[in-house]
Amino acid sequence: MKQFKVEGMTCASCQAHVEKAVAGVPGVTSVSVSLLTNSMGVEGDATNEAIIKAVEDAGYGASPKGADGTSAKPASDDALKDTETPKLKRRLVYSIGFLLVLMYLTMGHNMLHFPLPAFLDGNLYGMGITQLLLALIVMFINRAFFISGFKSLAHRAPNMDTLVSLGSAAAYIYSTAVLFEMCNAAVNGNVQMAMHHLHGLYFESAAMILTLIT
């Protein structure tokens, strides 16, 4: 059985898609993919190149392992270091920081009547745009969800990242449309309608989804 290391899988849907892609390669008699170990075992007389191409066409990466189960390419100590966990921790810390500010402006002020900074007090435009920018920052910090999610969607194999990114994007796009309605109402002097639209913004939901999953 040939052994491969598979990169880019994040959920069971990814695992199933890789298995289906490789199973369709001529010469492959059986394939088993492990999400936990990011590995794949393939039986049959298909070439490594054909198997790796099938995985790459599915939107993931693959490399052959040696007979002892290790990577066919020698790995240095730096290559074996865990580089993903520190990145995730930084993403989480930054996301929580900006999310807390956003939650203070939305839930803290609107529901609990916490005081606002002077430049935002009574400033409908400032409140809406500040929420938009804070949510956008959190989305940029967690852009890996969108890259993975829409990439897998383009390969017609949506995964968990697709669900997360679509949920966040839907909340953000809807809130942006409501923000335009709010500004339009304020320009026309309809302050009551503008306040109504302000309470209909869901920028904090767009940021919260990403932060919780991270």
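Structure first, text after, so check above.
The following refers to the structure shown. Small disclaimer: the values here were computed from a predicted structure and weren't measured. (Residues numbered from 1 in each chain as written. Predicted model: local features only at pLDDT ≥ 70, side-chain atom pairs only at ≥ 80, totals over all residues. Heavy atoms only, no water.)

## Focus: the overall build of the protein
Stage number 1. Counting secondary structure elements, the protein contains nine helices and four strands.
Stage number 2. Element order for the protein, N to C, with α for helix and β for strand: β-α-β-β-α-β-α-α-α-α-α-α-α.
Stage number 3. Compactness check: the protein gives a C-alpha radius of gyration of 23 Å against a globular reference of 17 Å for 214 residues, more than 25% above the reference.
Stage number 4. The C-alpha extent of the protein, read off along each of the three principal axes, is 75 × 35 × 20 Å.
Stage number 5. Per-residue burial over the protein gives 37% buried out of 214 residues.
Stage number 6. By element, 64% of the accessible surface of the protein is carried by carbon and sulfur atoms, the whole surface being about 12,300 Å². (Helix = DSSP H or I, 4+ residues; strand = E, 2+ residues; numbered from the N terminus. Rg over C-alpha atoms; globule rule 2.2 N^0.38 Å. Buried < 20%, exposed > 50% of the residue type's maximum accessible area, 1.4 Å probe, protein only. Areas by Shrake-Rupley, 256 points an atom, 1.4 Å probe, with all protein chains shown as cover.)

## Quick notes on the pattern of salt bridges
Stage number 1. Under the definition given, this model contains one salt bridge.
Stage number 2. A salt bridge links Lys53 to Asp57; the nearest nitrogen and oxygen atoms lie 2.8 Å apart. Within this pair, Lys53 and its partner Asp57 are both found in helix H2 (residues 48–57), separated by four residues, close to a single helical turn. (Salt bridge = Lys/Arg side-chain N within 4 Å of Asp/Glu carboxyl O.)

## Remarks on unusual backbone geometry
Stage number 1. One non-glycine residue, Asn38, lies in the positive phi region at around 55 degrees.
Stage number 2. Here Asn38 is to be found in the loop between strand S2 (28–34) and strand S3 (39–44).

## Some points on the side chain of Thr176
Stage number 1. When you line up the elements, Thr176 lands in helix H7 (residues 160–187).
Stage number 2. Discounting chain neighbours no more than four positions away, the residues touching Thr176 are Leu132 and Phe203. (Contact = heavy atoms within 4.5 Å.)

## Here's the deal with the packing of aromatic side chains
Stage number 1. A full pass over the atoms with the stated rule returns four aromatic pairs.
Stage number 2. Consider the rings of Phe146 and Phe150, whose centres lie 6.3 Å apart with planes at 15 degrees: the pair is stacked. With Phe146 and Phe150 both in helix H6 (residues 143–154) and four residues apart, this pair spans about one turn of that helix.
Stage number 3. By relative accessible area, Phe146 is classed as buried at 15%.
Stage number 4. Phe150 gets classed as partly exposed once you look at its relative accessible area, which sits at 36%.
Stage number 5. Over the aromatic face of Phe145 sits the side chain of Arg91, whose NZ or CZ is 5.2 Å from the ring centroid. (Phe/Tyr/Trp six-rings, centres within 6.5 Å; stacked < 30°, edge-to-face > 60°. Lys NZ or Arg CZ within 6 Å of the ring centre and 35° of its normal.)

## Some points on H2
Stage number 1. Looking at H2, one finds that the buried residues are Ile51, Ile52, Ala54 and Val55. Buried residues of H2, viewed axially, fall in a sector of 155 degrees; they line one side. Among the exposed residues of H2, those oriented more than 90 degrees off its buried face are Glu49 and Lys53.
Stage number 2. Buried residues along H2 sit in contact with strand S1 (2–7), helix H1 (12–23), S2, S3 and strand S4 (61–64).
Stage number 3. One or two positions beyond H2, positive phi appears at Gly59, with a value near 100 degrees. (Arc of directions from axis to C-beta.)

## Focus: the layout of surface pockets
Stage number 1. Within this model, the second largest pocket holds a volume of roughly 160 Å³.
Stage number 2. Along the walls of the second largest pocket sit Glu7, Gly8, Ala58, Gly59, Tyr60, Gly61, Ser148, Lys151, Ser152 and Asn159, which together make up its complete lining.
Stage number 3. Of all the elements, H6 adds the most residues to the lining of the second largest pocket, at three residues.
Stage number 4. Here the lining of the second largest pocket is composed, by residue class, of two nonpolar, six polar and two charged. (1 Å grid on protein atoms, 1.4 Å probe; cavity = no way out; pocket = protein on both sides within 12 Å on 5 of 7 lines; lining within 4 Å. Points joined across faces, edges and corners; volume = space filled by probe spheres on them. Nonpolar A, V, L, I, M, F, W, Y, C, P; charged D, E, K, R; others polar.)

Any functional reading would require information that these geometric values do not contain.
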